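Close look at the chain arrangement
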Amino acid sequence: MERRSAAFTVFIYGAAIILALCLVLPIFWLFVMSISPAADLTTKPLRWWPEQIDLSRYRLLLTWAENTTGRDFLSALRNSLEVAGMAVVAALLVAVPAAWAVSRRPEIEWSLHALIMTYMLPPVALAVPLYMGLAKLGLLNSVFGLALIYLSILAPFTTWLLKSGFDAIPRDLEAAAAIDGARLDQTLRIIILPLAAPVLSTAALFALLLAWDEFFYALLFTADQRAKTVTVAIADIAGGKIADYGLIAAAGVLAALPPLLIGMVMQRAIVAGLTGGGVKG
């Protein structure tokens, strides 16, 4: 085995530690802000840990009483789960057959590239036609309408990710299944999709993060708590006359928990798919 020098090993671990700190420190400071008294947030020098832990903001945001900030925030959190869930499921249903077709028919790959090129357009350029389309369908300020908009964003991206996974699966497996009398849908369901489980999980995770973090269209196409998402709810908290930075931080921590938990579950699925066996050509 090739031996690495001690200096190179120190460099690798040092770079990994710096990267971890860059990722963890902002999240840690967000949590510290959420449990710090308001006076500590304006004290100079700043305190890295509060002398007295204040959990009142979490109690405020997790209250389901009528006409409260907590009711508005929890409603927005529920809307985000519904919108992201519908958009991701619909994107996968569209992307799986599309990615398989593009992977097996290289002559139509140009269509996928054309769709990917639409990402070069600024979102504001598409705002007016999308708004008019939703208004025509009566889907403004609707969870379903916002999920439909997100589907148009996620489907090309998810198709592009899945295509790379399908490209790695040998076509001989499909030919052997066809010889044994398997239909196309059976081949996809029994052979292709289980082998593509890791890339399916990865595509679903990235699509979920894109839908969860989207703000521009959610702000334009929603008006009240029937459809507002959590990103818009946090912006509403930040836009008050007196900004409570600790409350904004607490909302950010709570908003990060659902995708974090879902990501942990899907990460296990990715690892299980990778360690459960590979595709042999």
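Here, every reference points to the structure presented above.
The text that follows walks through the structure, step by step, so that each part is easy to find.

We now examine a nonpolar patch on the surface. A contiguous nonpolar surface patch, about 1200 Å² in accessible area, is contributed by Ile17, Leu19, Leu21, Leu23, Val24, Leu25, Phe28, Phe31, Trp48, Trp49, Ile53 and Leu55. Classification of leucine 25 by relative accessible area gives partly exposed; the value is 44%.

Within this structure, the stated rule accounts for nine salt bridges. A salt bridge links lysine 163 to aspartate 167; its shortest N-O distance comes to 2.7 Å. Separated by four residues within a single helix, lysine 163 and aspartate 167 lie in helix α6 (residues 143–167), roughly one turn from each other. Take aspartate 167: its relative accessible area is 40%, and that puts it in the partly exposed class. Among the ionic pairs, lysine 228 bridges to aspartate 236, the shortest N-O distance being 2.8 Å. A relative accessible area of 40% places aspartate 236 in the partly exposed class. Linked by salt bridges that have partners in common, Glu109, Lys163 and Asp167 make up one network.

The next subject is the side chain of aspartate 40. Here aspartate 40 is to be found in the loop between α1 (6–34) and α2 (56–61). Judged by relative accessible area, aspartate 40 falls into the buried class, the value being 12%.

Conventions adopted
- Residues numbered from 1 in each chain as written.
- Predicted model: local features only at pLDDT ≥ 70, side-chain atom pairs only at ≥ 80, totals over all residues.
- Heavy atoms only, no water.
- Patch = residues over 30% accessible without salt bridge, like charges linked within 9 Å, V, L, I, M, F, W, Y side chains within 5 Å.
- Areas by Shrake-Rupley, 256 points an atom, 1.4 Å probe, with all protein chains shown as cover.
- Salt bridge = Lys/Arg side-chain N within 4 Å of Asp/Glu carboxyl O.
- Buried < 20%, exposed > 50% of the residue type's maximum accessible area, 1.4 Å probe, protein only.
- Helix = DSSP H or I, 4+ residues; strand = E, 2+ residues; numbered from the N terminus.

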